[in-house]
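Observations on the three-dimensional arrangement
Here is what each chain is made of, one letter per residue.
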Amino acid sequence: MRRLFPVTDETAARASGGSAGEGGGGAAGDALAPGGSGGFPGGDLVDREWSLAELGLAYAYPEPGPGEPQPWLRANMVSTLDGAAQHDGRSQPISTATDMRIFGTLRALADVVIVGAETVRQEGYRPARARAEFAEAREAAGQGPAPAIAVISASLDLDFGLPLFTSPSVPTLILTGAAAAPDRMAAAEKVGARVVIAGDGVGVDPVRVVQALAELGHTRLLTEGGPRLLGQLVASGVLDELCLTISPMLTAGDAQRIAGGPSVAVPKRFELVSLLEEEGFLFSRYRRT
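Note that the coordinates shown come from a computational prediction; the quantities given were computed from them, not determined experimentally.

Rules of the game
Residues numbered from 1 in each chain as written. Predicted model: local features only at pLDDT ≥ 70, side-chain atom pairs only at ≥ 80, totals over all residues. Heavy atoms only, no water. Core = buried A, V, L, I, M, F, W, Y, C linked by side-chain atoms within 4.5 Å. Buried < 20%, exposed > 50% of the residue type's maximum accessible area, 1.4 Å probe, protein only. Helix = DSSP H or I, 4+ residues; strand = E, 2+ residues; numbered from the N terminus. Contact = heavy atoms within 4.5 Å. Arc of directions from axis to C-beta. Polar contact = N/O pair within 3.5 Å; in protein donor to acceptor, adjacent residues only side chain to side chain. Pairing = 2+ DSSP bridges. Axes fitted to C-alpha atoms, helices over the stretch in contact; angles between N-to-C directions.

Soluble globular proteins: nonpolar side chains tend toward being buried together. The biggest cluster of nonpolar side chains holds 37 residues, and the ones touching the most others in it are Tyr59, Val151, Leu158 and Ile174. Elements represented by at least two residues in this core include exactly α3 (52-58), α4 (97-109), β3 (112-116), α5 (117-123), β4 (148-152), α7 (163-166), α8 (182-190) and β10 (281-288). The element best represented in this core is α4, accounting for four residues. In this structure, Ile174 is in contact with Val151, Leu156, Leu158, Phe160, Phe165, Ala188, Ala193, Arg194, Val195 and Val196, ignoring residues within four places of it in sequence. Counting residues in hydrophobic clusters, the runner-up holds 26 residues, among them Ala75, Val112, Ala148 and Ala150.

Written out as structure tokens, the structure reads:
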């Protein structure tokens, strides 16, 4: 893996001729910059396998400011060169081993992983597992051993016999609307899932999803889609960051894009934070301006 664009403000300052302390990168910037200047001339241009510790620093959530921690919602998605988010209904065929290492790292940094019900069904979702490599960092951050999975579902048409509901290390959350079917809510709670109301009707309000999770103490938020859910989050203006893997593949066909649903009135502008490359795969990180 090579860094093509700085992963810290410090490396950006160095590349532009500023002092090492100007951007506030600190020790993390030193740890992530073996060549001293990111992907710019003289930087880390040699392909090598990054350690999980390096990936953890590269994708760290913003440090909380004074007062109550504010929620930060990031999405992690993969897309082919021609915009397909899936092949044959699943994302795995357009992914790679390094993409999955980043996938695992992002989960290990999060308090909760938000996912749509259709993605749970299509991808065969399982509970997030505790990662020994991140145990110390999670404990220091006040986090449990593994993130909770939060499923967004209006109908609660879910198989409650799946391990996601019967044997998670952290109880699975189900976010739905106040008008959801009472018998389905009861069935979810019977297997140990926690039902959270985040909307007045059948479905959820994305703004209330973020608020409800923050009230439960979950401020480091990660969503893995699918496209319909991500489209709703984008349209509601609650998405803070997008981690997008660009797969060097062409699939054609009519596969979904990473975000679906109605278009927004004005396109949302995001800025590039970092860009990594390995074997033609680009691992980008954008945050809203």
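Okay, back to it.
Counting through the fold element by element, Asp254 comes out in the loop between β8 (241-247) and β9 (270-278). For Asp254, a relative accessible area of 76% translates into the label exposed. Along the backbone, Asp254 and Gln86 are 168 residues apart, and their C-alpha atoms lie at a distance of 9.7 Å.

Listed in full, the buried residues belonging to helix α9 (residues 206-215) are Pro206, Val209, Val210, Ala212 and Leu213. End-on, the buried residues of α9 take up no more than an arc of 165°, which puts them together on one face. A distance of 3.0 Å separates the backbone nitrogen of Val207 from a side-chain oxygen at the start of α9, and that oxygen is part of Asp205. Looking at the residues trailing α9, positive phi occurs at Gly217, about 95°.

Before going further, it helps to spend a moment on the sheet that holds strand β7 (residues 220-223). Taken in spatial order, the ten strands of this open sheet run β1-β9-β10-β8-β2-β7-β3-β4-β5-β6, and their pairing is mixed. Two strands in the sheet have a free side with no partner beyond their single neighbour: β1 (2-5) and β6 (194-197). Strand after strand, the sheet turns through a mean of 25° between neighbouring axes, direction not considered. Bridge analysis of strand β2 (residues 72-80) against β7 gives four bridges, and the strand direction is parallel. When the sheet's bridge partners are listed, Trp72 is paired in β7 with Arg220. Where α4 meets the sheet, it contacts β2, β3, β4, β7, β8, β9 and β10, and its direction lies at approximately 170° from that of β2. Contacts from α8 reach β5 (173-176) and β6 within the one sheet, and its direction differs from that of β6 by about 140°.

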